[in-house]
Amino acid sequence: MWAVVIAAVLAGGMGAASAGEASPWRHAPLPAKKGHDGFSSVAAVGPRNIWAAGSQPALLERFDGRRWRSMPMPGAITALSASPSGDVWALTSGRAHRWDGTRWRAVRSVSKQAYVLLAAVPGGAWVSEKDRLSRYDGKRWHPVPTPADLKVSGVRFQGGTVWVLGRFETGTADYDPVGRSTPAVLRWNGRALERVPVPVRADVRGHLNIDDVVVGRGGDLWLAGYSVLDGERLPVLQRRGGRWTALTPPRTRPPEAIEPDGAGGVWFDYGLDQPLWRNRAGKWTKVAAPKPPPGRALGLFTHSGSGVTAHIPGTTLLVRAGATHIPQGRLINPETSERAYASTDRLLVTGPYR
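Residues numbered from 1 in each chain as written. Predicted model: local features only at pLDDT ≥ 70, side-chain atom pairs only at ≥ 80, totals over all residues. Heavy atoms only, no water.

**Student:** Account for the packing of aromatic side chains, naming residues and giving values.
**Tutor:** Scanning the model with the defined rule gives ten aromatic pairs in all. Ring geometry for Trp-51 and Trp-104: centres 5.7 Å apart, planes at 70°, overall edge-to-face. With Trp-51 in strand β4 (residues 49-55) and Trp-104 in strand β10 (residues 104-109), this pair connects stretches of sequence that are 53 residues apart. One exposure class covers both Trp-51 and Trp-104, and it is buried. Here Trp-126 and Trp-188 contribute two aromatic rings whose centre-to-centre distance is 5.2 Å and whose plane-to-plane angle is 75°, an arrangement assigned as edge-to-face. Residue Trp-126 is located in strand β12 (residues 124-129), and its partner Trp-188 is located in strand β17 (residues 182-188); the two are separated by 62 residues in the primary sequence. Clustering of aromatic rings is evident, with ring pairs tying together Trp-51, Trp-99 and Trp-104. Arg-195 extends its terminal NZ or CZ atom over the ring of Phe-168, reaching a point 4.1 Å from the ring centre. (Phe/Tyr/Trp six-rings, centres within 6.5 Å; stacked < 30°, edge-to-face > 60°. Helix = DSSP H or I, 4+ residues; strand = E, 2+ residues; numbered from the N terminus. Buried < 20%, exposed > 50% of the residue type's maximum accessible area, 1.4 Å probe, protein only. Lys NZ or Arg CZ within 6 Å of the ring centre and 35° of its normal.)

**Student:** Explain the sheet that holds strand β9 (residues 95-99) to me, and be specific about the residues and the numbers.
**Tutor:** In space, the four strands of this open sheet follow the order β7-β8-β9-β10, with antiparallel pairing throughout. In this open sheet, the two edge strands, each paired with only one partner strand, are β7 (79-82) and β10. Adjacent strand axes in the sheet meet at a mean angle of 25°, parallel and antiparallel pairs treated alike. By the bridge criterion, four bridges tie β7 to strand β8 (residues 88-92) in an arrangement that is antiparallel. In the strand pairing of β8, Ala-79 is matched with Leu-91. (Pairing = 2+ DSSP bridges. Axes fitted to C-alpha atoms, helices over the stretch in contact; angles between N-to-C directions.)

**Student:** How would you explain unusual backbone geometry if you had to name every residue and give the values?
**Tutor:** Here the amide bond leading from Gly-351 into Pro-352 is cis, since omega sits at 0°, within 30 degrees of zero. On the secondary structure map, Pro-352 appears in the segment after β30 (345-351). With a phi close to 65°, Asp-131 is a non-glycine residue in the positive phi region. Tracing the backbone through its elements, the reader meets Asp-131 in the loop between β12 and β13 (132-136). We classify Asp-131 as partly exposed; its relative accessible area is 24%.

**Student:** Please give an account of the pattern of salt bridges that cites residues and values.
**Tutor:** Here the structure, examined in full by the defined rule, presents 16 salt bridges. Here Arg-105 and Asp-100 are joined by a salt bridge, their closest N and O atoms 2.6 Å apart. By relative accessible area, which is 41% here, Arg-105 ends up partly exposed. (Salt bridge = Lys/Arg side-chain N within 4 Å of Asp/Glu carboxyl O.)

**Student:** I'd like to hear about the sheet that holds strand β16 (residues 161-168), residue by residue, with values.
**Tutor:** Across the sheet, which stays open at both edges, the four strands sit in the order β15-β16-β17-β18 with antiparallel pairing between neighbours. Since the sheet does not close on itself, it has two edges, and those belong to β15 (150-158) and β18 (193-195), each with one partner. Within this sheet the neighbouring strands show an average axis-to-axis angle of 30°, counted without direction. Here β16 pairs with β17 via six bridges, running antiparallel.

**Student:** Lay out the environment of Val-214 with the relevant residues and their values.
**Tutor:** Among the secondary structure elements, Val-214 is positioned in strand β19 (residues 208-215). In sequence terms Val-214 and Trp-267 are 53 residues apart; their C-alpha atoms lie 9.2 Å from each other. Every residue in contact with Val-214, bar those within four places of it in the chain, is listed here: Gln-158, Asp-220, Leu-221, Trp-222, Ile-258, Glu-259, Pro-260, Gly-265 and Val-266. (Contact = heavy atoms within 4.5 Å.)

**Student:** I'd like to hear about the side chain of Ser-153, residue by residue, with values.
**Tutor:** As for its position among the elements, Ser-153 is in strand β15. At a separation of 2.7 Å, a polar atom in the side chain of Ser-153 contacts the side chain of Asn-209. (Polar contact = N/O pair within 3.5 Å; in protein donor to acceptor, adjacent residues only side chain to side chain.)

**Student:** Can you tell me about the pairing of strand β22 (residues 243-247), naming the residues and giving the values?
**Tutor:** Two faces belong to every sheet, and in a regular strand the side chains alternate between them. In this sheet, β22 lies alongside strand β21 (residues 233-240) in antiparallel orientation, the contact comprising five bridges. Bridge pairing in β22 links Arg-239 to Trp-244. Between β21 and β22, which pair antiparallel one after the other, the connecting turn spans two residues, and Gly-241 there sits at a positive phi close to 60°.

**Student:** Let's hear about the nonpolar core: which residues, and what values?
**Tutor:** Across soluble globular proteins, nonpolar side chains have a tendency to be buried as a group. Counting 16 residues, the largest nonpolar core has Trp-126, Leu-133, Leu-150, Val-155, Val-164, Leu-186 and Leu-193 as the members making the most contacts within it. Those elements that provide at least two residues to this core are β11 (116-121), β15, β16 and β17. Here Val-155 is in contact with Leu-117, Leu-118, Ala-119, Trp-126, Ser-128, Leu-133, Val-162 and Trp-163, once residues within four sequence places are set aside. The next biggest cluster of nonpolar side chains, apart from the first, holds 15 residues, and it includes Leu-165, Leu-223, Leu-234 and Leu-237. (Core = buried A, V, L, I, M, F, W, Y, C linked by side-chain atoms within 4.5 Å.)

**Student:** Go over the side chain of Asp-269, please, and point to the residues and values.
**Tutor:** Looking at where Asp-269 falls in the secondary structure, it is placed in strand β24 (residues 266-269). In terms of polar contacts, Asp-269 uses its side chain to reach the side chain of Thr-309, at 2.6 Å.

Quick look at the structure:
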């Protein structure tokens, strides 16, 4: 089976692009794995410490600056997070684990039923469980007081601090667009969460849910979110020089996610099979999607664009994880005689390089 990593020459090593290669993404082979596998989580400490995990089946691999290696697992990983200081955390069903450099250590129990969010920070981590926040300082867990009406959709470590994102559900029903609900953005100041005002249009305010943030230079801020009415992504909000504007790349819909570009700007991510857009200093740049191996398509068999993206701290690069598959027009893999739905292969991409 095809199993591909598009990985950089991050430490002068593997998988350099050829001189005539047009793609800004570089690649190297991974050992083949039979059957269905794909990465669903990716996190980077830096260019010599990148992690990627999948939960069905359970797999975990790490790039050490030279090559990718299979790593011991704490169980099927549902979330993976890393901080630039070297902290790496993982969630499994019912547990939060921390990598100690040799093995995974279970640090606390979490709900198996609730939607649990995880964010690694220098020296510890934050967890959101049933909209209740707690933080680990390296020794013990501390509850974080939050407004009673806060519904948490994201916890991010960005710009040297922790951001808590979501919406304040007040007044009428949760999904009533004319209710008094408002988007929520809170910043940890070292002692408490402080609210960041987000001015939005009245027709959007009641149903906008914030779930992603990027911090740029000089106080620049980007916020991404979606409508709780239909799940549709909404234009990214940018604060620059104290002024808020709504951003969407030229002739393009709002992105699925946003990531820092490592140089004061932000990447708009639309999935593995779509071009990336970068906004830096008010200017837009478009980068082509990675090319899959011959005879294959990007993404899972049931979702062609599926994938996850993370910025690699200390660089202007991204690492993107997902899978490739045989298009539905070719239901049989000639190398394995297996049907396409049983022939999905993990994929990692790193770049762009221009």
